Each structure stands twice: as C-alpha cells, then as structure tokens.
Amino acid sequence: MTESGNLSSIEEDQGDAAARRAKGEFVRGVSGFRHAIGDPDFPAEPGRYHLHVALNCPWCHRVVLARNILGLQDAVTMDVAFPNRTGDDDPRGGGLWEFNPDRISSLTGAALPECTRETATGRNLPLVRDIYLAEDAQERSVPILYDKRAGRIVNNESAEILRMLAANALPLGSVLARAQLPDLYPGDAGLRSEIDDLNAMLYTAVNNGAYKAGFSSDQAVYAQAFAAYFDALDAIDSRLSDGRPFLTGADFTEADLRLFPTLYRHDPVYYLRMKLNGARILDYPHLWRWLCRVHALPGVAQSGSLIHCRQGYFGRSWNGVVPLGPSTPMPYPQAYDHPELAGRGAPVQRADPGCVKP
Ligand SMILES: N[C@@H](CCC(=O)N[C@@H](CS)C(=O)NCC(=O)O)C(=O)O
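Everything in this summary refers to the structure shown in the same document. Note that the structure is predicted; figures quoted are calculated from it, not measured. (Residues numbered from 1 in each chain as written. Predicted model: local features only at pLDDT ≥ 70, side-chain atom pairs only at ≥ 80, totals over all residues. Heavy atoms only, no water.)

Counted according to the given criterion, the structure contains 17 aromatic pairs. Geometrically, the ring pair formed by Y332 and Y336 is edge-to-face, given 5.3 Å between the ring centres and 85° between the ring planes. As far as the burial class goes, Y332 and Y336 line up, both buried. Connected via pairs of aromatic rings, a cluster forms that spans F26, W59, Y203, Y211, F215, Y270 and Y313. One cation-aromatic arrangement involves R28 over Y211; the distance from NZ or CZ to the ring centre is 4.6 Å. When the ring centre of Y185 is taken as origin, the NZ or CZ atom of R163, which lies over that ring, is 3.6 Å away. (Phe/Tyr/Trp six-rings, centres within 6.5 Å; stacked < 30°, edge-to-face > 60°. Buried < 20%, exposed > 50% of the residue type's maximum accessible area, 1.4 Å probe, protein only. Lys NZ or Arg CZ within 6 Å of the ring centre and 35° of its normal.)

Mapped onto the elements, G315 comes out in the segment after α10 (306–314). For G315, the contacting residues outside a window of four places in its chain are N84, S106, R310, G320 and V322. (Helix = DSSP H or I, 4+ residues; strand = E, 2+ residues; numbered from the N terminus. Contact = heavy atoms within 4.5 Å.)

This brings us to the sheet that holds strand β4 (residues 152–155). In space, the four strands of this open sheet follow the order β2-β1-β3-β4, with mixed pairing throughout. Edge positions in the sheet fall to β2 (77–80) and β4, since each of these pairs with one other strand and no more. Adjacent strand axes in the sheet meet at a mean angle of 30°, parallel and antiparallel pairs treated alike. Direction of pairing for strand β1 (residues 49–53) relative to strand β3 (residues 144–147): antiparallel, over a ladder of four bridges. Each residue of the ladder has a partner; that of Y49, found in β3, is D147. (Pairing = 2+ DSSP bridges. Axes fitted to C-alpha atoms, helices over the stretch in contact; angles between N-to-C directions.)

Nothing here speaks to function; it is all geometry.
Written as structure tokens, this is what we have:
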C-alpha cells in the first residue's frame with residue numbers, strides 16, 4: 001500500500017474465527033487481493049480501472065463515494081450487481097453476487113435501473129465469483145477494483161481502494177482541478193493519526209459493529225455489540241457538539257466518508273434489520289445535521305440507493321417482504337435534505353440492555 005497510513009490493523013483479528021462463529025459471533029473474512037495503483041503492474045492511467053460493486057453493500061458504498069466525490073465517474077467505470085445474492089436453490093450456488101439487470105425487485109415490482117451486466121472482463125460474466133475464479137481464487141466479495149487493460153483484479157479491500165483512488169485522482173483522469181479535489185487523507189501527521197484512530201474505532205464499533213449486532217446468534221454477543229455501537233454514536237455526537245462541520249474539524253476527510261454509509265443505512269435499515277433500535281440518528285441532533293451536511297456534498301446523494309439497501313437487506317429474509325418505513329417525520333432519503341429535523345425525536349436515553357426483563 002503506497003500511503004504510509006496503517007490500514008491493515010483496522011481489520012479485526014481472525015483468531016479462532018471458526019470457534020467464535022460457532023459461539024454465535026459474526027467474523028468478517030479478510031480480502032485477499034492487495035495490489036495497488038502505482039505498483040509497477042498497475043500504473044495510474046485514465047480509463048484503465050473499473051469497480052464491481054453492489055449498492056447495498058456499505059464497503060462498496062465507500063468506494064462509490066470516493067469515485068464520485070473525486071470526480072472519477074467517467075475515468076473509472078463501474079458495474080452494479082443485483083442487491084440480493086443468488087438463492088440457495090440456484091444451481092450455480094447460493095449466496096453469490098449476480099450481474100442481472102433484468103431481475104425484478106420485490107420492493108419496486110420492476111427491474112432496478114442501476115443494475116448492469118458485467119462489462120470489464122469482456123466475457124460478460126454472470127457472477128462476481130467468476131471474476132475471482134478467472135484468477136483461481138475462491139473469494140466472492142465486492143467491491144473489486146479491476147484492471148481492464150491487464151485483465152486482472154487489483155484489490156478487493158475497500159479501505160485501500162478508496163485511499164488509492166484519492167492518492168491518484170488526477171493521473172486517473174478526475175474531471176476536477178487539483179484545487180477542487182477534496183483531500184481525504186491530508187499529509188499532516190497529527191491529522192492522519194487522528195483519522196486513523198477514528199477509522200479504527202468506527203470500523204470496529206460502527207461499520208462492522210452493525211453486523212456484529214445484527215448477524216449475531218448469541219444474546220450476550222449482540223448486547224455487547226449493541227452497547228459498543230451506541231456508545232460510539234454518543235461519542236461522535238458529542239464530538240460534533242462543538243459546532244465543527246466534520247469529524248476532524250473544518251474539512252471533510254476519509255473518516256467522514258467511512259462513517260457515512262453506516263449512518264445512511266441506520267434509520268431505514270439497520271434500526272430494524274440489525275436490531276439497532278436503541279435510537280434513530282434523528283434522535284442525535286449533531287449526528288443528524290452531520291449526516292444531512294455530508295448528504296448535500298457534491299457526488300454523495302447519487303452514490304447511494306436506499307431502494308437497493310432495502311431490497312438487499314430485507315429482500316432475501318423477512319419472507320421477501322421489504323418494510324417501507326420509516327415515514328415520519330418524513331420518508332427517507334428525502335429526510336436527509338432536512339437538517340432542521342435534528343433532535344425531533346426524544347433526547348437519547350438508551351435502555352440498559354442488562355435491565356430488559358423478558
Ligand atoms: N473488507 C472488505 C469487506 C467486503 C465485504 O465483506 N463485502 C461483502 C458484501 S457487504 C461481501 O461481498 N461478502 C462476501 C460474501 O458474503 O459473499 C472490504 O471492506 O472491502
């Protein structure tokens with residue numbers, strides 16, 4: 001990884017993953033492709049790189065945000081998989097990301113216009129897994145950063161992909177002038193370590209924390225993840241209470257970009273799907289205003305889709321019936337255009353998970 005900032009430590013340890021999974025804990029795997037744009041095999045050139053993503057995936061959301069905020073929409077092409085993976089009865093195998101723009105969404109009753117075929121390999125591959133199999137790899141995750149000229153996968157770790165897009169935005173062909181480019185990971189050493197510390201805390205307690213709560217099959221493991229998640233939201237809300245517009249101060253950085261996908265999904269998806277119903281973001285006045293402020297930045301609103309998120313997180317479970325709410329104080333994502341709704345909910349006084357008697 002070219003940038004000196006340490007990223008690898010942010011992944012949670014995979015120690016005795018099997019035993020922890022058996023105990024009901026959600027343990028995310030580690031991405032295997034870790035090359036970088038700038039390596040000898042992967043020079044920074046306009047039109048050479050491509051992203052394979054799913055819009056409901058929060059890790060993909062990071063790299064789509066970086067692509068759009070950095071003005072790389074034309075220079076870095078992108079394919080979008082259908083939000084629900086293949087069913088268990090699929091002869092190709094279940095749980096696989098599929099490129100199928102004709103597939104019907106149970107939420108809208110129609111095909112999803114953002115979904116595409118696979119266009120980077122030149123082989124119109126139907127499944128993300130097939131892109132890995134072409135390189136004898138058994139992985140199957142998105143996002144993928146792909147080199148169309150070499151016909152190879154560069155990297156499949158979102159934290160590294162967004163950082164290398166930021167570090168190479170101009171040579172990759174950004175439409176923005178250098179002065180307009182947001183500096184997501186500024187050179188100041190103090191600021192970098194502040195961003196690294198925030199990234200590490202937010203990854204463990206919030207970004208991945210949401211999954212540790214929602215996908216846990218053990219009450220105590222869930223309760224611990226629930227508490228850590230809302231403790232982190234409390235800490236961030238008070239951090240923003242001094243009036244700073246962004247997490248580290250006046251400027252939008254990588255730390256804000258990495259927090260956004262989780263909070264964007266909280267009220268309309270995670271509150272229900274991940275059992276994170278301790279509070280809504282709406283109930284946190286400073287977090288809500290931050291969420292609306294980031295949503296209003298150029299390139300952000302079109303980087304996400306709550307239709308894909310709702311279809312993806314509910315469409316395969318919950319009898320395939322996708323919850324439509326919340327609709328008060330107004331539907332989402334329209335609510336993100338209304339910072340004045342901040343704190344409309346009751347001030348956050350969370351129930352102590354320990355005291356909830358059945
Ligand atoms: N550490 C990876 C995590 C990527 C990841 O876990 N993606 C999920 C989708 S949200 C996935 O495709 N998982 C593989 C699978 O479950 O098949 C990153 O941040 O890029």
